[in-house]
Amino acid sequence: MDGKIQCAALNCGRIFAPNPRVKNQRYCSAKDCQRARKRKWQKEKLAADPEYKANQRDCQREWHLRHPGYYKKYRQDHPSCRERNTLLQGYRNAKSRLIAKMDEFKPAPPKGPRAFYLLPLVAKMDASPQKVLLIPIS
Ligand SMILES: [Zn+2]
């Protein structure tokens, strides 16, 4: 064994020699892989640490206050992103409209337990004993 391992980043898979001073190193030193490692760490941290999450949210809010109009300018400079967003939002809107419609047509659940008389159906052509007539008791 030469101690080399495979990078854990997707789309990399490079075989590299981990730095002995870094404990449990799983990503190679490529910029994209280090970025992927940090993203993964932050995602897990956000999910596990509500205090960290609140702090991140505050920082983002402050950043937006210091950079007003950043996203407006970004959208103007990147028209293809805007097209994509418009398309995806249209899809989300259509989906939620469909769900609302489906809820409208849902039959109302029966109120309380219901009782029926079970009457065997006597049919000349089909003498199946499973056939019964359900008559609600009212
Ligand atoms: Zn890598």
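Below is a summary of the structure that appears in this document. Note that the structure is a prediction, hence the values are computed from the model and not measured.

What counts, and where the lines are drawn
- Residues numbered from 1 in each chain as written.
- Predicted model: local features only at pLDDT ≥ 70, side-chain atom pairs only at ≥ 80, totals over all residues.
- Heavy atoms only, no water.
- Phe/Tyr/Trp six-rings, centres within 6.5 Å; stacked < 30°, edge-to-face > 60°.
- Helix = DSSP H or I, 4+ residues; strand = E, 2+ residues; numbered from the N terminus.
- Donors = N, O, S within 2.8 Å, 3.2 Å for Na, K, Ca; no water.
- Tetrahedral: all angles 85-135°; square planar, octahedral: opposite > 155°, others 65-115°.
- Buried < 20%, exposed > 50% of the residue type's maximum accessible area, 1.4 Å probe, protein only.

Section: the packing of aromatic side chains
Evaluated as defined, the whole model comprises four aromatic pairs. An angle of 80° between the planes, with centres 5.8 Å apart, marks the rings of Trp 41 and Tyr 52 as edge-to-face. Taken together, the positions of Trp 41 in helix 1 (residues 31-48) and Tyr 52 in helix 2 (residues 50-66) put the pair 11 residues apart, joining distant regions of the chain. Each ring, one from Trp 63 and one from Tyr 70, has its centre 5.1 Å from the other, and the planes form 80°; the classification is edge-to-face.

Considerations on the coordination of the zinc ion
At 2.2 to 2.3 Å from the zinc ion lie its protein donor atoms, namely Cys 7 (SG), Cys 12 (SG), Cys 28 (SG) and Cys 33 (SG). Coordination at the zinc ion comes from four donor atoms whose angles at the metal span 104 to 115°, giving a geometry best classed as tetrahedral. Of note, the zinc ion draws all its donor residues from one chain, in the sequence arrangement C-x4-C-x15-C-x4-C. On the basis of relative accessible area, Cys 7 is assigned to the buried category, the value being 5%.

Quick look at unusual backbone geometry
Despite not being glycine, Asn 11 has its phi angle at roughly 65°, a positive value. Of note, Asn 11 is situated in the loop between strand 1 (5-6) and strand 2 (15-16). Even without being glycine, Asn 24 reaches a positive phi, approximately 55°. Structurally, Asn 24 can be placed in the loop between strand 2 and helix 1.

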